[in-house]
Amino acid sequence: MRDEGERALSGLLEFMHLNGMEELPSAVEEHARPLGLSETDIYLTDLQQLQLIRLPGRQDPDDEPPKPIRIDGTLPGRAFRAVEIVRGRSPATPEDPEGRPRLWVPLLDGAERVGVLGITVPGYTEPVEERAKTLASLVALLVISKRPHSDSYARLVRARPLTLSAEVLWNLLPPGTFANGDVVVSAALEPAYEMGGDAFDYAVDGRHLHLSIFDAMGHDTAAGLTASIAMGASRTHRRQGLALPEVGEAVDAAVKEQFTGRFVTGILARLDLRTGALTWVNRGHHPPLVLREGRLVTTLDSVPDPPMGFGLAPSTGLLRYQLQPGDRLLFYTDGVIEAQSPAGELFGLKRFIQFVVRREADGLAAPETMRRLIQAILEHQHGRLQDDATVMTVEWRSRSSRQQFRL
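Reading the values: the criteria
- Residues numbered from 1 in each chain as written.
- Predicted model: local features only at pLDDT ≥ 70, side-chain atom pairs only at ≥ 80, totals over all residues.
- Heavy atoms only, no water.
- Helix = DSSP H or I, 4+ residues; strand = E, 2+ residues; numbered from the N terminus.
- Rg over C-alpha atoms; globule rule 2.2 N^0.38 Å.
- Buried < 20%, exposed > 50% of the residue type's maximum accessible area, 1.4 Å probe, protein only.
- Contact = heavy atoms within 4.5 Å.
- Areas by Shrake-Rupley, 256 points an atom, 1.4 Å probe, with all protein chains shown as cover.
- Lys, Arg positive; Asp, Glu negative; His and termini not counted.
- Charge placed at Lys NZ, Arg CZ, Asp CG, Glu CD.
- Axes fitted to C-alpha atoms, helices over the stretch in contact; angles between N-to-C directions.
- Left-handed = near helix turned anticlockwise from the far one by under 90°.
- Nonpolar A, V, L, I, M, F, W, Y, C, P; charged D, E, K, R; others polar.
- Expected span 1.5 Å × (residues − 1).
- Salt bridge = Lys/Arg side-chain N within 4 Å of Asp/Glu carboxyl O.
- Core = buried A, V, L, I, M, F, W, Y, C linked by side-chain atoms within 4.5 Å.
- 1 Å grid on protein atoms, 1.4 Å probe; cavity = no way out; pocket = protein on both sides within 12 Å on 5 of 7 lines; lining within 4 Å.
- Points joined across faces, edges and corners; volume = space filled by probe spheres on them.
- Pairing = 2+ DSSP bridges.

Caption draft 1: Structural detail: the overall build of the chain. Regarding its fold elements, the chain presents 11 helices and 17 strands. Relative to the globule expectation of 22 Å for 407 residues, the C-alpha radius of gyration of the chain, 23 Å, shows essentially globular dimensions. In the chain, which comprises 407 residues, the share counted as buried stands at 53%. Partitioning the intrachain contacts of the chain with sequence separation of at least 6 by distance along the chain shows that 65% fall at a separation of at least 24. Accessible area for the chain stands at about 18,300 Å²; split by element, carbon and sulfur atoms hold 51% of it. Taken together, the 45 basic and 54 acidic charged side chains of the chain have centroids lying 4 Å from each other.

Right under this line is the structure:
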């Protein structure tokens, strides 16, 4: 079975070299049969991570495409939320009144949750589940490789059209989750379909992790363009090897050159993944927070330098803090803590911190905590945000504590 299974997976990979997202469902179905797996359904998460939507391909018996599946309160959703294989049953039939065994397997690209794969299996055995998990890993990689140039994918994961600024920013942002043996980064933002001037960014460069968060003035297309200029200027000068204060000044000059009277606040940071040494500059932004063992241990306060775009000389410059293994950094924009209910109650910094701490105590991984936090902010405002809300969490582990690392 191992040789046959390897041939099936390599055949799927070879077939998809010259085929696109549209051919993936039927190709997976065909190449899963030698593994003893059938009725494969690829479900992908929507932009807001509220629903799982099936990639068109295999039709139901009544020729009607299935409806989206809610992530909260369903078996497929549990596989997505908990990042674990969930056992279920296919719908009952006269021939099989109990339904056949069915697995829901998370689709993962590293730590990024892409969706889930539904598979009907001959039984709940460890070898079968291992084959299903291996197939899901390959499917996830294929989805990731095909989605950048697939409009059908973009339409599938959208519940409604994006605004122009949201269309631009979504194509600039890195994935919402990244992890390696040293760190987990997870970020979320709303409103997903109308976001204006918020943006986040991260990248690994050898032993260092670069981090940034931006909040541009306004909530319109111009705000989105301002954030785009800030992110682009940050990336290009960072990649030229400039120090953080100089990167901030380069962003300041780029925004000032392109716009009159517009500005962007932000944090530009660098984390040494070996030592936990954090350095950053604060350009008029809310200070980052440090959580340790389920409590807030410090707010990284400083006298913030001016926002970027005014051409004002910074005075504070580079700031430093030493993280301990297991520490979690929180970066956020004002739309998080200033989210206001219809009755005028602010979501607030205290509620924000308590929410993250409680979900951590519940054993939730960082990506699921961020997903639920954004939902809580939306619920607080009855679904109507007054401003963009963006949050990014960074959990650092020393190399000696990697075995305790939890995604």
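There is more to say after this.
Caption draft 2: Representation of the packing of helix H10 (residues 349–361) against helix H11 (residues 366–380) within the structure. Viewed as axis vectors pointing N to C, H10 and H11 meet at an angle of 140°, and their least axial separation amounts to 10 Å. Seen from above, H10 lies across H11 with right-handed handedness. Note on element contacts: H11 touches H10 through Thr 369, Met 370, Arg 372, Leu 373, Ala 376 and His 380, opposite Arg 351, Phe 352, Phe 355, Val 356 and Arg 359. Considering only residue class, the contact of H10 with H11 consists of 6 nonpolar, 2 polar and 3 charged.

Caption draft 3: Representation of helix H4 (residues 126–146) within the structure. Helix length check: H4 (21 residues) gives 30 Å between terminal C-alpha atoms against 30 Å at 1.5 Å per residue, within 8%. Regarding H4, the residues found buried are Val 128, Glu 129, Ala 132, Leu 135, Ala 136, Leu 138, Val 139, Ala 140, Leu 142, Val 143, Ile 144 and Lys 146.

Caption draft 4: Quick look at the pattern of salt bridges. Under the definition given, this model contains 21 salt bridges. In this structure, the salt-bridge partner of Asp 272 is Arg 207, at a minimum N-O distance of 2.9 Å. One end of the pair, Asp 272, is in strand S11 (residues 264–272); the other, Arg 207, is in the loop between strand S9 (198–205) and strand S10 (208–216), with 65 residues separating them in the sequence. Accessibility expressed as a relative area gives 11% for Asp 272, which makes it buried. Residue classification places Arg 207 among the partly exposed positions, given a relative accessible area of 32%. Where salt bridges share partners, they join Asp 72, Arg 113, Glu 368, Arg 371 and Arg 372 into one cluster.

Caption draft 5: Broad picture of the nonpolar core. Leu 209, Phe 331 and Val 394 are the most contacted members of the largest nonpolar core, which totals 49 residues. Core analysis: the next-biggest nonpolar cluster, separate from the first, contains 35 residues, Val 28, Ile 42, Leu 117 and Ile 144 among them.

Caption draft 6: Expanded view of empty space enclosed by the protein. Under the defined criterion, the tally for this structure stands at 2 cavities of 30 Å³ or more. The calculated volume of the largest cavity comes to roughly 60 Å³. Taken together, His 210, Leu 211, Ser 212, Ser 234, Arg 238, Leu 244, Val 247, Leu 268 and Ala 269 make up the full set of residues lining the largest cavity. For the lining of the largest cavity, the secondary-structure elements that each account for two or more residues are S10, helix H7 (221–238), helix H8 (244–258) and S11. The biggest single contributor to the lining of the largest cavity is S10, with 3 residues.

Caption draft 7: Structural detail: the sheet that holds strand S8 (residues 183–190). Taken together, the 6 strands give an open sheet; going across it, the order is S7-S8-S17-S16-S13-S14, and neighbouring strands pair in antiparallel fashion. Looking along the sheet, the strands with just one partner apiece sit at the ends: strand S7 (177–179) and strand S14 (295–299). This sheet shows a mean twist of 20° between the axes of neighbouring strands, independent of strand direction. Sitting on the sheet, H11 is in contact with S7, S8, strand S16 (328–332) and strand S17 (389–396), with an inclination near 20° to S8.

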